[in-house]
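Residues per chain are reported as follows:
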Amino acid sequence: MEVQDQESLGRWDGLGSRDISSRTEAMDNIHQEVMRKVEAIGPIPASAPSPLASGSAPNIDLNDILAHLLMLSKRCPFEDVRERCARLLQSVQDLGVRIPRPLGNGPSRFIPEKEILQVSKVDARTQAIIEDAFAALGRLDNISLVMGFHPQYLESFLRTQHYLLQMDGPLSLHYRHYIGIMAAARHQCSYLVNLHVNDFLQVGGDPKWLNGLDEAPQKLQQLGELNKILAHRPWLLTKEHIERLLKAEEHSWSLAELIHAVVLLTHYHSLASFTFGCGITPEIHCDGGHTFRPPSLSQYCVCDIANGNGHANHHDDLLGNQEVCGEVEVLMERMKQLQECRDDEEASQEEMATRFEREKTESMLVVTAEDEECVPSRDISRHFEDPSYGYKDFSRRGEHVPTFRVQDYSWEDHGFSLVNRLYPDVGQMLDEKFQMAYNLTYNTMATHKDVDTSMLRRAIWNYIHCMFGIRYDDYDYGEINQLLDRSFKIYIKTMVCSPEKTTKRMYESFWRQFQHSEKVHVNLLLMEARMQAELLYALRAITRYMT
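An account of the accompanying structure is given in this report. (Residues numbered from 1 in each chain as written. Predicted model: local features only at pLDDT ≥ 70, side-chain atom pairs only at ≥ 80, totals over all residues. Heavy atoms only, no water.)

In this section: the overall build of the protein chain. If you tally the helices and strands in the protein chain, you get 24 helices and 6 strands. Split into buried and exposed, the 547 residues of the protein chain put 53% on the buried side. Pairs at least 24 residues apart make up 78% of the contacts formed inside the protein chain by residues separated by at least 6 positions. Accessible area for the protein chain stands at about 23900 Å²; split by element, carbon and sulfur atoms hold 49% of it. (Helix = DSSP H or I, 4+ residues; strand = E, 2+ residues; numbered from the N terminus. Buried < 20%, exposed > 50% of the residue type's maximum accessible area, 1.4 Å probe, protein only. Contact = heavy atoms within 4.5 Å. Areas by Shrake-Rupley, 256 points an atom, 1.4 Å probe, with all protein chains shown as cover.)

Have a look at this one:
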């Protein structure tokens, strides 16, 4: 990295300090640098149109800085920085240079911006979590803002992600970000790919690797097969796949490195599900997050109108919709009846096994959204091999997902200890994150309070694991059909298996009387259940190799 880039990074880093004098000093330096670059453009005649800061090298650099300032003016958790960035942008505009403006309406295409916790209107605990995240990354990303509906979970998520990407571990920093790019690219998640391309370059990664997986070291290329299988058909993973990685002569992986890589791959596969499931929009300072064009007369860009962001919250117009009225009450009544049935009778083990197999087969027949083929852009597909390899409905071709019995290999009894042994502390962090998502409750359902939602949360978690062939002997899979309706199952299957096909209509079509915060909670459950399912298959294969 060039010296100039290092200096520039130092200046931005100062804005994440909790010490106001450090932030003021950093902001003064940025102000001076911006004004120097604006003056380098030369005097602008009053009659001339506002120039874009484009063309020569210093001006392109100025564009990036202005976009970064725009992001800080909207997203920095410190009010003094937000205000000074806004004032600096205004000063630049007053000098006749065109400044950027945000595209879209907030962090999500599905959730109105006003409902997503605003940076400046949060409680003290959430503020502290956000400040820590900002200090660590120099940004407050849209994923964190949407997860901010659930601060306890956000804290656990950020702690784990920070450890995986930035703390001591078997893999070098640039390898970690490159593996993140490979994993996100499997689902064509340009949002995560772009974030990690920037991070990869910041930690000194070789730009040539970004031309395609075939330009990366052989060791990373060999991870391609594992990435592919884990993302789409993890039950096909065998100890032979593991052996090929660990015994590849000079390109071989150590066990500790492989565990680190597996955790990163599963983290980013499932985070891609969350990103698409919540309609996360590009970061303000990244491609697609801002524009230097003046706003149109209507103040909306075409993409806003196309995805409905210009309209009122969809929850507002449902009161007259008879089909939706009573949706919550019906679900609560079913939960009550199921609880009474549980108390009255217990199905035999044979019957429980039959119900699981029936639900597993039915889950294969749930059609994901619009079921058309998504062709990844060259920009994304260069980061992985075999773009045509994806999730397929196995039952259509007579294939069968084998049953994985949790009693034989579970996260609690087997996976947790294996991860902790080879990558200390990470098993503990993942366990806390799984527990947090699974047990998180406010005892509410839409407008109803004091509701025990544990039965519903367990049905969602177990349905996802059932789609991956994972069976809990003590669970009655007949409950799933009672609690999860067809539109919800389509959403779950699409988001977990083919997240790039998730649409706003699908997000709106399930649980229509529920709050956005409750739907985000569902997405956290889907993300963590998917990650644990992938991890179970990978860790079982590693255990089989070791024994």
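The structure having been displayed, the exposition proceeds.
Moving on, we get to the packing of helix H8 (residues 173–186) against helix H11 (residues 224–232). For the pair H8 and H11, interaxial distance at closest approach is 10 Å and the crossing angle is 45 degrees. Taken together, the axis directions place H8 and H11 in an arrangement best described as oblique. Crossing handedness for the pair H8 and H11: right-handed. In this structure, H8 contributes Met182, Ala183 and Arg186 to the contact, and H11 contributes Gly224, Asn227, Lys228, Ala231 and His232. (Axes fitted to C-alpha atoms, helices over the stretch in contact; angles between N-to-C directions. Parallel < 35°, antiparallel > 145°, perpendicular 65-115°, else oblique. Left-handed = near helix turned anticlockwise from the far one by under 90°.)

Between its first and last C-alpha, helix H9 (residues 190–202) extends 18 Å over 13 residues, near the 18 Å set by a 1.5 Å rise per residue. Immediately downstream of H9, the backbone of Gly204 shows phi near 90 degrees, a positive value. (Expected span 1.5 Å × (residues − 1).)

Once that is clear, we can look at the packing of aromatic side chains. A complete count under the given rule lists 22 aromatic pairs for this structure. Centroid distance Tyr178 to Phe200: 5.6 Å. Interplanar angle 55 degrees. Geometry classified as tilted. Placement of the pair is Tyr178 in helix H8 and Phe200 in helix H9, with a sequence separation of 22 residues. The same class applies to Tyr178 as to Phe200, namely buried. Relative to Tyr409, the ring of Phe404 lies with its centre 6.4 Å away and its plane at 85 degrees, an arrangement referred to as edge-to-face. The rings of Phe110, Phe488, Tyr491, Tyr507, Phe510, Trp511 and Phe514 are connected pair by pair, giving a single aromatic cluster. Of note, Lys219 hangs over the ring of Trp253, and the distance from its end group to the ring centre comes to 5.1 Å. Against the face of Tyr507 rests Lys519, its NZ or CZ located 4.7 Å from the ring centre. (Phe/Tyr/Trp six-rings, centres within 6.5 Å; stacked < 30°, edge-to-face > 60°. Lys NZ or Arg CZ within 6 Å of the ring centre and 35° of its normal.)

Our focus in this paragraph is the packing of H11 against helix H13 (residues 255–277). Remark: H11 packs on H13, axes separated minimally by 10 Å, with the N-to-C direction vectors making an angle of 45 degrees. On the basis of the axis angle, H11 is oblique to H13. With respect to the hand of their crossing, H11 and H13 are arranged in right-handed fashion. Between H11 and H13, the residues in contact are Leu226, Asn227, Leu230 and Ala231 and Leu258, Val262, Leu265, Thr266 and His269, respectively. Partitioning the contact of H11 with H13 into residue classes produces 6 nonpolar, 3 polar and no charged. (Nonpolar A, V, L, I, M, F, W, Y, C, P; charged D, E, K, R; others polar.)

Grouped burial of nonpolar side chains is what soluble globular proteins tend to show. If you look at the biggest cluster of nonpolar residues, it comprises 159 residues, and the most contacted ones within it are Val34, Leu69, Met147, Tyr178, Leu223, Phe274 and Ile460. Here the element with the most residues in this core is helix H24 (residues 516–546); it accounts for 16 residues. Composition of this core by domain shows at least three residues from each of domain 1 (1–37 + 59–99) and domain 2 (328–334 + 345–369 + 393–546). With near-sequence residues (within four places) excluded, Phe274 lies in contact with Ile143, Val146, Met147, Ile280, Met495, Val520, Asn523, Leu524 and Met527. (Core = buried A, V, L, I, M, F, W, Y, C linked by side-chain atoms within 4.5 Å. Domains from an automatic or database assignment.)

What follows covers the pattern of salt bridges. Within the structure shown, the criterion is met by 22 salt bridges. Two residues, Asp80 and Arg23, come together in a salt bridge whose shortest N-O distance is 3.0 Å. With a gap of 57 residues between them, Asp80 in helix H4 (residues 79–94) and Arg23 in helix H2 (residues 20–41) connect regions that are remote in the sequence. Owing to a relative accessible area of 23%, Asp80 belongs among the partly exposed residues under this scheme. Between Glu534 and Arg530 there is a salt bridge; the shortest N-O distance is 2.9 Å. With Glu534 and Arg530 both in helix H24 and 4 residues apart, the pair spans about one turn of that helix. Residue classification places Arg530 among the buried residues on the basis of a relative accessible area of 0%. Each member of the salt-bridge network shares a partner with another, and the members are Arg405, Asp408, Arg471 and Asp473. (Salt bridge = Lys/Arg side-chain N within 4 Å of Asp/Glu carboxyl O.)

Although it is not a glycine, Glu249 sits at a positive phi angle of roughly 50 degrees. Looking at the secondary structure, you find Glu249 in the loop between helix H12 (239–246) and H13. Judged by its relative accessible area of 66%, Glu249 is exposed. In the Ramachandran plot, Asp425 falls in the positive-phi region, its phi being about 80 degrees despite a non-glycine side chain. Summarising the element assignment, Asp425 is placed in the loop between helix H18 (411–422) and helix H19 (426–439).

Bringing the side chain of Arg540 into the picture now. With respect to the helices and strands, Arg540 occurs in helix H24. At 6.9 Å, Asp408 is the nearest oppositely charged side chain to Arg540, a buried residue that forms no salt bridge. Not counting residues within four places of it along the chain, the set of residues in contact with Arg540 comprises Phe404 and Tyr409. (Lys, Arg positive; Asp, Glu negative; His and termini not counted.)

So, on to H19. Taking 1.5 Å per residue as the helical rise, H19 with its 14 residues ought to reach 20 Å, and the 20 Å between its terminal C-alpha atoms agrees with that figure. Taken residue by residue, H19 has Val426, Gly427, Met429, Leu430, Asp431, Lys433, Phe434 and Ala437 as its buried positions.

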